[in-house]
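Coordinate analysis (summary)
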Amino acid sequence: MKTDTQHSPAGTKPAQLPQLHEQRNPGMELDLDWVAAVQANTSAIERRAATLPGRRTVKKAYQAAWLLKAVTCIDLTTLSGDDTPGRVRRLCAKARQPVRADILEALGMGPITTGAVCVYHEMVPTAVEALAGTGIPVAAVSTGFPAGLSPFRLRVEEIRESVAAGASEIDIVISRRHVLLGNWQALYDEVRSFREACGEAHMKAILATGELGSLRNVARASLVCMMAGADFIKTSTGKESVNATLPVSLTMIRAIRDYHRRTGHRVGYKPAGGISKAKAALNYLAMMRDELGTRWLEPDLFRFGASSLLGDIERQLEHHVTGRYSAAWRHPAG
Amino acid sequence: MNVSDIFRTMDYGPAPESDAEAQAWLAERNRTFGHFINGAFTAPGKGFESRNPATGERLATLTQATQEDVDAAVAAARRAQGKWARAGGHERAKYLYALARLVQKNARLFAVLETLDNGKPIRESRDIDIPLVARHFYYHAGMAQLMEAELPDAEPLGVCGQIIPWNFPLLMLAWKVAPALATGNTVVLKPAEYTSLTALLFARMCQEAGLPRGVVNIVTGDGRVGEMIVAHPDIDKIAFTGSTEVGRRIREATAGSGKALTLELGGKSPYIVFDDADIDSAVEGLVDAIWFNQGQVCCAGSRLIVQEGIAERFHEKLKARMQGLRIGNPLDKCIDIGAVVDPVQLKTITEMVERGGKEGEVFQAGQIPNQGCYYPPTLITGLEPASYLMQEEIFGPVLVSTTFRTPAEAVALANNTRYGLAASVWTENVNLALDMAPRLVAGVVWVNATNLFDAAAGFGGVRESGFGREGGWEGLRAYTRPRVATRPLKRIAPAPVPDEAEIIGLDRTAKLYIGGRQVRPDGGYSRPVFSPRGKLLGHAPLANRKDIRNAVEAARGAGGWAGATAHLRAQIIYYIAENLSARADDFTARLHDLTGVHAKTARAEVECAIRRLFTWAAWADKYDGAARAVPIRGVALAMNEPVGVIGAFCPDEAPLLGLISVIAPAIAMGNRVVAVASEPWPLAATDFYQVLDTSDVPPGVVNILTGSHEELAPHLAGHLDVDTVWSFSSSDISAVIEKESAGNLKRSWVNNGRGRDWLSPAGEGREFLAHATEVKTVWVPYGE
C-alpha cells in the first residue's frame, strides 16, 4: 500500500448530496405485542439469501452505475487504536475523491463522494475539518463502542461530546444483554436515551448481530431500535466474529419494511464488516432493491460500513473502462 | 441508457447468457435429429419442429418415431438387458458415475439448451435442474454399487418404457434413467415432443461414457409414440410422469398385461400458512412454489390456504412481492419467470383463468413481453373449495387462495382434493408442524419450505397424483421385483353339489362381517358349501356391490386404527393369534372338511397361520421410517404410512392361512381391510371373524365378505374410496382390477394368474410391508 497520499483538492462540487430530506423517524411507543409476534425462520431466510445472487445480476454499464452507487453509500471507516490525524486526513481525502477522475470521466459521471467518513470520537475534529465544505458527514462510533459496557451516563455523554465536536451521524451500540435476556423495555429505553442525546445528528443503531444468537432476536431488536427512534439500523461493529451477512440483512430489512408499512417512516440500513468485494456490494444493493425498492438505494437510507470495499470497486470500474483487469496500486490509497 | 442515467434509476438492465455454444451444437447436427437406438443415432425421418417458446424460433427438427423405430428400440433394449444386469453393480456404478461427471462437465451446455427448448429461466436450469440431474446419477451410481449387498432378493424388471414430461425435461430423464440403469434394467425413453433436445444431448453423453449399446434408447415423437411404448408386448415396465388424464389411460391400457407401472401425475398441492409463521418467508416461499418454472410443476404449491386472521396482510405482502418478479427472456440471468412451454399451454392457462377467475378476485403483476409465450404471475383470492380453480390443476403461474380458522380445518381443506402429491406447512410451532405433516394426504410434505428435491428423498404421490416413488431406497422398488417363486395358478372350483347331501348337526349361519357386526348379505342370497365328500358344511353369503359399499364405508370409518400406536396393533395381532390357537382344533377340522386335505396338512396350515400372525405382530412396531441424508441442514423423514383402505381378494387355495397372510400385514401397518374370502372354501373365514370378535379388533378394521371374486372385483377395484386392491385369487381378475383401479388411480397388487406357496417365506416379508404402506417424505429444515 502507498503511504504518501496525494491530497488533491476537490476540483468540482459533488454530483449529488447524500441527504434527500426524508422525514426522520421519530420513533413510537414500545409495542411489545408487535415485538413478540415477530418471527424469523432461519432456514427459509438463508435459502432466500442464497438464491438471490443467482436471481439478480447487473452487467456492463449497469454494473458500473451500480458500483458507483455503492461508492456513494460507503461509510469510509477507520476504527483502529493507532489512528492518527494524518491517517484520518488521508481517509477523508479518499472520501472526497473515491474514484479516479479519469475513470469517472470515461464513465460520463460527474464527481462523487462516499456516503460518510466514520471514525472514533477523538478523530471527529480532524475529520470535520478535512471534510469542510464537501457536504460529506462525519460519523462517530459511540456509546462505548464496540462492547457498549461503559457506564450508561458516560455512553450518553459520549454522544453529546461527539455531536458537539461536529459529528452529524452517531453510530451507537446497543446492550446485547438486553436482547439476550428479552428485556425489550430496557433496550427501548436505552436507545431512546441515545436518540435524545443525538439531537439533530442521525443515529445508527448497531445491533452487533453476531452476538444476538438468532435471527429472531435480530428481527426483534431491529424493531425495538426503530421504535426507539433509530434513523438507521446497522448490523455490526466490525469487531464481532461474524459481521454483516445476507441472511442477517434480509431479516433486518424486512423489519424496516414492516416498520415503514406500519408507521410510514423510512429507516435506513447499514451492513458493516466483511463486505470487501464489489460483487458482494452488488448483492446487497439487489437485496435492498428487491425487498425495499429503489428509494432505499440512496445514501440517506443505505450505507456500507466498509474499509477495503472501495479498492475492489475501483479495480472493477477501471476494468469496465479499459477492458483490462486492474491492480490495487493503480488507485490512490485511502 | 448511459451510466449516469442508470445511476439515477438503478435499473437492472439486460444480463443475457450466451446461447452460442448450444446453437453451435444444434448447427453442427444440421438442426435435425433421429432417434438414439442401440448406441447410435438413426437417420432423421419425417418429423416435427422443436421451437424456443420465448421467441418462436425453430431450434431443430425431430423425428416422429414409427412402430418400426419403437420395435427396434425395444429389441435393442431387450438384447442389452441380460448382459447389463449380469455385468454387476460395480460395472453399472462406473457407467452411472461417468454419466454424472459428463453432466457436470457439460453443465452449462445442458442448462442453456434446456432453457432454449423449454423456456425456463436460465437460473433454474443452471442452479436447480442440471445440478439435480448430476446428483441423481451420483446417488444411483451408489445404488448400483450397493445393490447386490443390500438388495440380494431384488432383481431387475427388464426393459422399461419411460415417458417423461416437458416441464423438467432432463431432470425427469435422470429420475427415470438413473434408478432403472442402477438396478440392471435397460430403457426405451420418450421425451416430451416440446422438449427433446437435452435428452438427445444426453444420448451423446451415453456414447461418450461408453455405455453398452441398447442400454439407453431414446425415441422422439408425440403421444402416439407413447402409446406404442405402452402397448409394446416386450416391455416389462412403464414409468410415466405427466397428466392425470394420460396416466389414467396408461393404467387402463396396461391392465392385465403384466407390465409393472408407476405413475407420477398431477397435483393441486396445498400451501398452508398459519398465523405464527414467518410471514415474509412464507411469501417468499410462494415464489419458489408457484412461480418456479412458470408454475408448470406437478407439485407446485398452487392452493394457498392461509389462516383467516392474517389473510389480508398476507395477500398484501404477497402482491407487493409479485410486483418485484421479473418476467422475460429466459436466457437473462436476472429473470424470475420465463416463457410458458408452448402456445397450447398458454392458451389452456388463459382459458382456465378466464373461466374460473370470476369466482374470486384476480390480481396480476409484472410486465410481460409483447412476443413469446408469457403469462403474468397471478393471484386469485376469495375462492372457496367449491370454486372451479380450487379443484382443477392449472399448470401455470396462477395461485388460488382461500382461508381457514383452525388446524383441523386446514387439514380438511388441504385434503379436499382428488390429488395428493405435495403439501407445504408454514408455522414456527414445531408441535403444529409435526402434527400436520402426517395428517396431510400427500407423498411429500415440506415444513417451512417448498419444492425441495433430492435423489435421497422419495418423491411421488397418492390418490390421483399417482403411485410409486422416485428417489431414495423406496424408489428402487419401481425398478426391481422380489425374487419370489411363483407357479401358474389354476382356478379352484368349489366342491360339486352332491346328488344327495349329508346333513350334520345343528345349522350354523355364516354371515358377512362388516363394521364389527355379522350381517346378512344385501342381496339375500347364499351358496351351500359342500365338502369334497358331499357333506353340507354350511351356507356362505353371496356379497354384492352394496355389501362392498357398506364394508368400505365401515373401513373408512375405522381410520382411528391408523393412529393407534404400533404397540397396540401388535398386541391385538398377538391376541388374534392366541385366540386362533385356542381354537386350533376347530379350524383344523374345518379345513379338513372344506378342502379334503389330510388332517395333518390342515393342522400345518393352522399352525402356520398362528406363526404368521406372530410375524406381523412382530413387524407392527418395527417397520421403521428413515431420516434421509439430504443436502440441507435439516431432515427428510421417510415415514411409512398405511395406504388406507385395502381391498383384498384372498388366496383361494389356503382358506385360513391365505386370509391371515393378507389381513395381518395390512392391519399391522395401520390399514383397514375389506377382505373377500377364498371363493371355493369361504367358511374358514366366516369362522375366523369370531376370533376377531374376541380379540379386541376395533369395528371396521377388518371386514370379511364372501362370494364370487369375478363378480366383486370390478366393484371393489372401482370403488373411489378404496386406496389399493390386492388379488391373490385363482379367478382371472387381475386385468379387471387393474383396469377398474384407473378410476381413482389407486395402487394395485395382483398375481397375474400366478400363485405362491403360502406356507413358505414367500407368504410374508418385506414385499407385503411395501404394499401395505406409502412412504411419505417430510422435509424439515431447521436452524435458529
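Everything that follows concerns the structure shown earlier in this document.
Read on for a plain summary of the structure. Note that the structure is predicted; figures quoted are calculated from it, not measured.

Reading the values: rules and limits
- Residues numbered from 1 in each chain as written.
- Chains lettered and ligands numbered in written order.
- Predicted model: local features only at pLDDT ≥ 70, side-chain atom pairs only at ≥ 80, totals over all residues.
- Heavy atoms only, no water.
- Helix = DSSP H or I, 4+ residues; strand = E, 2+ residues; numbered from the N terminus.
- Rg over C-alpha atoms; globule rule 2.2 N^0.38 Å.
- Buried < 20%, exposed > 50% of the residue type's maximum accessible area, 1.4 Å probe, protein only.
- Contact = heavy atoms within 4.5 Å.
- Areas by Shrake-Rupley, 256 points an atom, 1.4 Å probe, with all protein chains shown as cover.
- Lys, Arg positive; Asp, Glu negative; His and termini not counted.
- Charge placed at Lys NZ, Arg CZ, Asp CG, Glu CD.
- Core = buried A, V, L, I, M, F, W, Y, C linked by side-chain atoms within 4.5 Å.
- 1 Å grid on protein atoms, 1.4 Å probe; cavity = no way out; pocket = protein on both sides within 12 Å on 5 of 7 lines; lining within 4 Å.
- Points joined across faces, edges and corners; volume = space filled by probe spheres on them.
- Phe/Tyr/Trp six-rings, centres within 6.5 Å; stacked < 30°, edge-to-face > 60°.
- Axes fitted to C-alpha atoms, helices over the stretch in contact; angles between N-to-C directions.
- Parallel < 35°, antiparallel > 145°, perpendicular 65-115°, else oblique.
- Left-handed = near helix turned anticlockwise from the far one by under 90°.
- Nonpolar A, V, L, I, M, F, W, Y, C, P; charged D, E, K, R; others polar.
- Salt bridge = Lys/Arg side-chain N within 4 Å of Asp/Glu carboxyl O.
- Polar contact = N/O pair within 3.5 Å; in protein donor to acceptor, adjacent residues only side chain to side chain.
- Pairing = 2+ DSSP bridges.
- Expected span 1.5 Å × (residues − 1).
- Right-handed = clockwise from strand over helix to strand, strands pointing away.

Re the overall build of chain A
Looking only at helices and strands, chain A has 13 helices and eight strands in total. The globule rule puts the C-alpha radius of gyration for 334 residues at 20 Å, and the 19 Å found for chain A is close to it. With the C-alpha coordinates of chain A rotated into their principal frame, the extents come out at 55 × 45 × 35 Å. A total of 334 residues make up chain A; the buried ones form 60% of that total. The long-range fraction of contacts in chain A, counting pairs at least 24 apart against all pairs at least 6 apart in sequence, stands at 78%. With the model as given, the accessible surface of chain A reaches about 12600 Å², and the carbon-plus-sulfur share is 52%. For chain A, the distance from the average position of its 42 positive side-chain charges to the average position of its 33 negative side-chain charges is 7 Å.

Side note on the overall build of chain B
Looking only at helices and strands, chain B has 27 helices and 34 strands in total. Over its C-alpha atoms chain B spans a radius of gyration of 28 Å, differing by no more than 12% from the 28 Å that the globule rule assigns to 784 residues. Dimensions of chain B, computed from the C-alpha atoms along their principal axes, are close to 105 × 60 × 45 Å. Sorting the 784 residues of chain B into buried and exposed places 62% on the buried side. Of the contacts made within chain B by residues no fewer than 6 positions apart, 77% connect residues no fewer than 24 positions apart.

Quick look at the nonpolar core
Among the nonpolar cores identified, the biggest contains 120 residues, and Phe137(B) and Phe202(B) are the most heavily contacted of them. Sort the elements by how many residues they give to this core and helix H7 (residues 169–182) of chain B lands first, with eleven residues. Phe137(B) has contacts with Leu96(B), Leu99(B), Ala100(B), Leu173(B), Ala174(B), Val177(B), Ala178(B) and Phe202(B), leaving out every residue within four places of it along the chain. Ile45(A), Ala64(A), Leu212(A) and Trp296(A) belong to the second largest nonpolar core, which has 108 residues in total.

Examining the layout of surface pockets
Regions of empty space are outlined by a rolling probe, equal in size to a water molecule, passed over the atoms. Residue and element names in this part refer to chain B. Estimated volume of the second largest pocket: approximately 1200 Å³. Lining the second largest pocket are 37 residues, with Trp-166, Phe-240, Gly-242, Ser-243 and Val-246 sitting closest to its centre. Mapped onto the lining of the second largest pocket, the elements with two or more residues apiece are helix H9 (223–231), strand E9 (237–241), helix H10 (244–254) and helix H13 (343–356). Of all the elements, H10 adds the most residues to the lining of the second largest pocket, at six residues.

What to know about the environment of Leu434(B)
All names here are of chain B. Following the sequence through the fold, Leu-434 ends up in helix H16 (residues 430–439). By relative accessible area, which is 44% here, Leu-434 ends up partly exposed. Residues Leu-434 and Trp-616 lie 182 residues apart in sequence; the distance between their C-alpha atoms is 27 Å.

Comments concerning the packing of aromatic side chains
On inspection of all chains with the given rule, the structure shows 31 aromatic pairs over all chains. Taking the centre distance of 5.7 Å and the plane angle of 80° together, the rings of Tyr120(A) and Phe145(A) count as edge-to-face. With a gap of 25 residues between them, Tyr120(A) in the loop between strand E2 (116–119) and helix H6 (124–130) and Phe145(A) in the loop between strand E3 (138–141) and helix H7 (152–164) connect regions that are remote in the sequence. The exposure class of Tyr120(A) is partly exposed, given its relative accessible area of 24%. The class for Phe145(A) is buried, based on a relative accessible area of 9%. Seen in terms of ring centroids, Trp175(B) and Phe453(B) are 6.2 Å apart; in terms of plane orientation they differ by 65°. Their pairing is edge-to-face.

Thoughts on the packing of helix H2 (residues 42–55) of chain A against helix H6 (residues 122–150) of chain B
The geometry of H2(A) relative to H6(B) is characterised by a closest axis approach of 10 Å and an angle of 130° between their N-to-C directions. In terms of axis orientation, H2(A) runs oblique to H6(B). As H2(A) packs across H6(B), the resulting crossing turns out to be right-handed. Between H2(A), through Thr51(A), Gly54(A) and Arg55(A), and H6(B), the contact on the second element is made entirely by Arg123(B), Arg126(B) and Asp127(B). Here the residues of the contact of H2(A) with H6(B) sort into no nonpolar, two polar and four charged.

A word on the interface of chain B and chain A
At the interface, 43 residues of chain B touch 42 residues of chain A. Between chain B and chain A we count eleven salt bridges in total. Measuring nitrogen to oxygen at the nearest pair gives 3.6 Å for the salt bridge that ties Asp11(B) to Arg289(A). Remark: the boundary between chain B and chain A carries 25 residue pairs in polar contact (both at pLDDT 80 or more). Taken together, the residues of the side of chain B that touches chain A sort by class into 17 nonpolar, seven polar and 19 charged.

Remarks on empty space enclosed by the protein
All names here are of chain B. Following the criterion strictly, the structure yields ten cavities of 30 Å³ or more and no others. If you add up the space inside the largest cavity, you get close to 70 Å³. Together, 13 residues line the largest cavity, and Lys-176, Thr-262, Leu-263, Glu-264 and Glu-470 are the ones closest to its centre. Going through the elements one at a time, E9 and strand E10 (260–264) are the ones with two or more residues in the lining of the largest cavity. Of the residues contributing to the lining of the largest cavity, the split by class is six nonpolar, three polar and four charged.

Let's talk about the sheet that holds strand E14 (residues 378–381) of chain B
Residues and elements named next belong to chain B. Read from one edge to the other, the open sheet built from ten strands follows the order E13-E14-E15-E12-E11-E16-E17-E34-E27-E26, with strand pairing classed as mixed. Edge positions in the open sheet fall to strand E13 (361–364) and strand E26 (626–628), since each of these has one partner strand only. With strand direction ignored, the average angle separating the axes of adjacent strands in the sheet is 20°. Sheet analysis places E13 next to E14, joined by four bridges and oriented antiparallel.

Quick word on the pairing of strand E15 (residues 398–404) of chain B
Residue and element names in this part refer to chain B. The buried fraction of E15 is high, at six of seven residues. Inspection of the sheet shows E14 paired to E15 by three bridges, in the parallel sense. Within E15, the position partnered with Ile-380 by the bridge is Val-400.

Digging into helix H3 (residues 60–72) of chain A
Between the first and last C-alpha of H3(A) there are 19 Å, a value that for 13 residues agrees with the 18 Å anticipated at 1.5 Å per step. Those residues of H3(A) that are buried lie in contact with strand E1 (74–77), helix H5 (101–106), helix H12 (278–292), strand E8 (304–306) and helix H13 (309–322) of chain A together with helix H1 (3–9) of chain B.

Overview of the pattern of salt bridges
Proximity of charged atoms lets side chains of opposite charge pair with each other. The tally for this structure, following the rule as stated, stands at 78 salt bridges over all chains. With a closest N to O distance of 3.0 Å, Lys94(B) and Glu91(B) form a salt bridge. Of the two residues, Lys94(B) and Glu91(B) both sit in helix H4 (residues 89–105), three residues apart, roughly one turn of that helix. You can call Lys94(B) partly exposed: its relative accessible area is 42%. Residue Arg756(B) is joined to Glu767(B) by a salt bridge in which the shortest nitrogen-to-oxygen separation is 3.1 Å. With Arg756(B) in the loop between strand E33 (754–755) and helix H27 (766–771) and Glu767(B) in helix H27, the pair connects residues that are eleven residues apart, well separated along the chain. Each of the two residues, Arg756(B) as well as Glu767(B), counts as buried. Linked through salt bridges whose partners overlap, the residues forming this network are Arg48(A), Arg254(A), Arg257(A), Asp258(A), Glu291(A), Asp280(B), Glu284(B), Lys317(B) and Arg321(B).

Topic: the pairing of E2(A)
Residues and elements named next belong to chain A. Along E2, one buried face is formed by Ala-116 and Cys-118 and the opposite face, lined by Val-117 and Val-119, is buried too. Sheet topology note: the E1/E2 ladder contains three bridges and is parallel. Bridge pairing in E2 links Thr-77 to Cys-118. Two strands pair when backbone bridges link them, and E2 and E3 are joined in this way by three bridges, in the parallel orientation. Within the sheet, the bridge partner assigned to Val-119 lies in E3 and is Ala-140. Since E2 and E3 lie parallel, the crossover through H6 that links them has a hand, and here it is right-handed.

Regarding the side chain of Asn283(A)
Residue and element names in this part refer to chain A. If you trace the backbone, Asn-283 turns up in helix H12. Owing to a relative accessible area of 10%, Asn-283 belongs among the buried residues under this scheme. For Asn-283, the contacting residues outside a window of four places in its chain are Leu-52, Pro-53 and Leu-246.

That is the geometry; function is a separate question.
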